[in-house]
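# Breakdown of the fold
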Amino acid sequence: MKRIGILTSGGDAPGMNAAIRAVTRTALANDIEVFGIHYGFAGLVAGDIFQMTSETVADKINRGGTFLYSARFPEFAEEATQLKGIEQLKKHGIDALVVIGGDGSYHGALRLTEHGYNAIGLPGSIDNDIPYTDYTIGFDTACNTAMDAIDKIRDTATSHQRVFVVNVMGRECGDIALHVGVATGADAIVVPEEPYDIKEIAENLKQGFANGKKHGLVVLAEGVMDADKFKDELLKYGDFDARANVLGHMQRGGSPTTRDRVLASKMGAYAVQLLLDGKGGLAVGIENNKLSSHNMLDLFDAKHHGDYSLYSLNKDLAK
Ligand code: F6P
């Protein structure tokens, strides 16, 4: 293996730059040339490819977003488009690829392995929804960003004795809501993976005010329902003042936390090691604090399991 390519794809996540840096520096240290690909699989097909040096990744570890840029590119599901991507890899003499992204990006990576290119996937996503990894790159930063925002919302909620329903990202996965809900002392956490009863939540919030609480907080995972709709449902059973707030894309930005930088660095170096061992078609993870790799195909049949003990813990602590 003489040359590897690297791209980021799908929703960006803080820590992607740290992962690109780790891949690049580890590869260069092993006499492998590194080629950056802009705009994910779209850039691959368009041939937006450039050679990277150690300098290219200097001053990047602390930056949010991805300096290789990202794109959602469903067109890569078509074989003709894949073949155009392969043509570009051949043209640049790239033997293997590291793909940093989520589920959709792994599909793209797998297609390349089917065409004979070793590809390794790194879990870059704030959602923490990828199987066979306890944490994805970006999840910790997104949780901290959401937590900081909710701490601010809590100030105004208390001043006005209001209930806030705060919608956090995560697609169909409730991990951000679970972690941030516990960290912000939410009265209720609502996630797609657990049943909930809006009437019961409203009753608990009313009871909280009756007990002297000065605000109410519901952390709602986006995969459940729209925050305004949830707030309106809640008000059918509650006599309190309520507002809905959607945190949105701010959760994807910002300088990565220590945890995300370290995770990204470990995973990036490990990805290159796997390629050096001649392996491909693998997705890197961290399980019980140990780096792991699984066949990408296995991921598509598996489901990520979050720490659902946080749900009951929060119920106990919110009383
Ligand atoms: O997958 C990351 C994520 O931020 C999800 O949490 C969210 O549902 C989605 O991407 C938003 O996608 P877009 O950036 O295309 O609006």
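Looking up the protein in an unreviewed UniProt entry gives the name ATP-dependent 6-phosphofructokinase, with the organism given as Lactobacillus hominis DSM 23910 = CRBIP 24.179. Comment text from UniProt for the protein, heading Function (unreviewed entry), reads "Catalyzes the phosphorylation of D-fructose 6-phosphate to fructose 1,6-bisphosphate by ATP, the first committing step of glycolysis." Quoted straight from UniProt, the Cofactor (unreviewed entry) entry for the protein says "Mg(2+)".

### Here's the deal with the overall build of the protein
Helix and strand counts for the protein come out as 11 helices and 11 strands. For 319 residues, the compact-globule estimate of 2.2 N^0.38 gives 20 Å, and the C-alpha radius of gyration of the protein, at 21 Å, lies within 12% of that figure. The principal-axis extents of the C-alpha atoms in the protein amount to approximately 70 × 35 × 35 Å. Out of the 319 residues in the protein, the part that is buried amounts to 50%. Sequence-distant contacts, at least 24 apart, represent 76% of the contacts inside the protein between residues at least 6 apart.

### Description of the UniProt feature "binding site: ADP" (unreviewed entry) in the protein
On the UniProt side, "binding site: ADP" (unreviewed entry) is annotated at positions that read R21, A22, V23, T24, R25, R154, G185, A186, D187, K213, K214 and H215 here. The named residues occupy 195 residues along the chain; their greatest pairwise C-alpha distance, 52.3 Å, places them well apart from one another. Structurally, the position occupied by R154 is in helix α5 (residues 139–160). Taking the C-beta count within 10 Å as the criterion, R154 has 19 such neighbours and is therefore assigned partly exposed. With residues near it in sequence (within four places) discarded, R154 still touches T184, H215 and L217. Residue position: A186 is located in the loop between α6 (175–183) and β7 (188–190). In contact with A186, not counting residues within four places along its chain, are G181, L217, V218, V219, N314 and A318.

### Quick look at the UniProt feature "binding site: Mg(2+)" (unreviewed entry) in the protein
Sites flagged by UniProt as "binding site: Mg(2+)" (unreviewed entry) map to D103. Topologically, D103 is positioned in helix α4 (residues 103–114).

### Concerning the site of the ligand
In the neighbourhood of the ligand, the contacting residues comprise G11, G102, S125, I126, D127, M169, G170, R171, E222 and R252. Partitioned by chemical class, the residues of the shell around the ligand number two nonpolar, four polar and four charged. Two domains each put at least three residues into the shell around the ligand: domain 1 (3–138 + 256–301) and domain 2 (140–253).

### Quick notes on the packing of α6 against helix α11 (residues 309–317)
Their axes nearest at 9 Å, the elements α6 and α11 cross at an angle of 30°. Taken together, the axis directions place α6 and α11 in an arrangement best described as roughly parallel. The handedness of the crossing between α6 and α11 comes out as left-handed. Across the interface between the two elements, L178, H179, G181 and V182 of α6 pack against L310, Y311, L313 and N314 of α11. Residue composition of the contact of α6 with α11, grouped by class: five nonpolar, three polar and no charged.

### Describing the packing of helix α1 (residues 16–29) against helix α9 (residues 258–276)
Across the interface, α1 lies against α9 with an axial gap of 7 Å and an inter-helix angle of 35°. The chirality of how α1 crosses α9 is right-handed. For the pair α1 and α9, the contacting residues are A18, A19, R21, A22, V23, T26 and A27 in the first and R261, A264, S265, M267, G268, A269, A271 and V272 in the second. Of the residues contributing to the contact of α1 with α9, the split by class is 10 nonpolar, three polar and two charged.

### Observations concerning helix α7 (residues 198–210)
Here α7 contains 13 residues, and its C-alpha end-to-end distance of 18 Å stays within 8% of the 18 Å for a straight helix at 1.5 Å per residue. Considered for burial, the residues of α7 that qualify are I201, A202 and L205. One face of α7 carries all of its buried residues, which in axial projection span an arc of 100°. Opposite the buried face of α7, by more than 90 degrees, sit the exposed residues K199, E200, Q207 and A210.

### Let's talk about unusual backbone geometry
The phi torsion at Y69 lies on the positive side, around 65°, for a residue other than glycine. Looking at where Y69 falls in the secondary structure, it is placed in the loop between β3 (49–52) and α3 (79–91). Residue Y69 is classed as partly exposed on the basis of its 18 C-beta neighbours within 10 Å. Phi at Y132 is positive, roughly 60°, even though this residue is not glycine.

### Some thoughts on the domain arrangement of the protein
Split into domains, the protein comes out as domain 1 (3–138 + 256–301) and domain 2 (140–253). Averaged C-alpha coordinates put domain 1 and domain 2 at centres separated by 34 Å. Contacts between domain 1 and domain 2 engage 17 residues on the former and 14 residues on the latter. A breakdown of the residues in the side of domain 1 that touches domain 2 according to their chemical character gives five nonpolar, seven polar and five charged.

So, how was this worked out
Residues numbered from 1 in each chain as written. Predicted model: local features only at pLDDT ≥ 70, side-chain atom pairs only at ≥ 80, totals over all residues. UniProt positions renumbered as here; feature names shortened; annotations may be inferred. Helix = DSSP H or I, 4+ residues; strand = E, 2+ residues; numbered from the N terminus. Rg over C-alpha atoms; globule rule 2.2 N^0.38 Å. Buried ≥ 20, exposed ≤ 12 C-beta atoms within 10 Å, placed from the backbone. Contact = placed C-beta atoms within 7 Å. Near = placed C-beta within 6 Å. Nonpolar A, V, L, I, M, F, W, Y, C, P; charged D, E, K, R; others polar. Domains from an automatic or database assignment. Axes fitted to C-alpha atoms, helices over the stretch in contact; angles between N-to-C directions. Parallel < 35°, antiparallel > 145°, perpendicular 65-115°, else oblique. Left-handed = near helix turned anticlockwise from the far one by under 90°. Expected span 1.5 Å × (residues − 1). Arc of directions from axis to C-beta.

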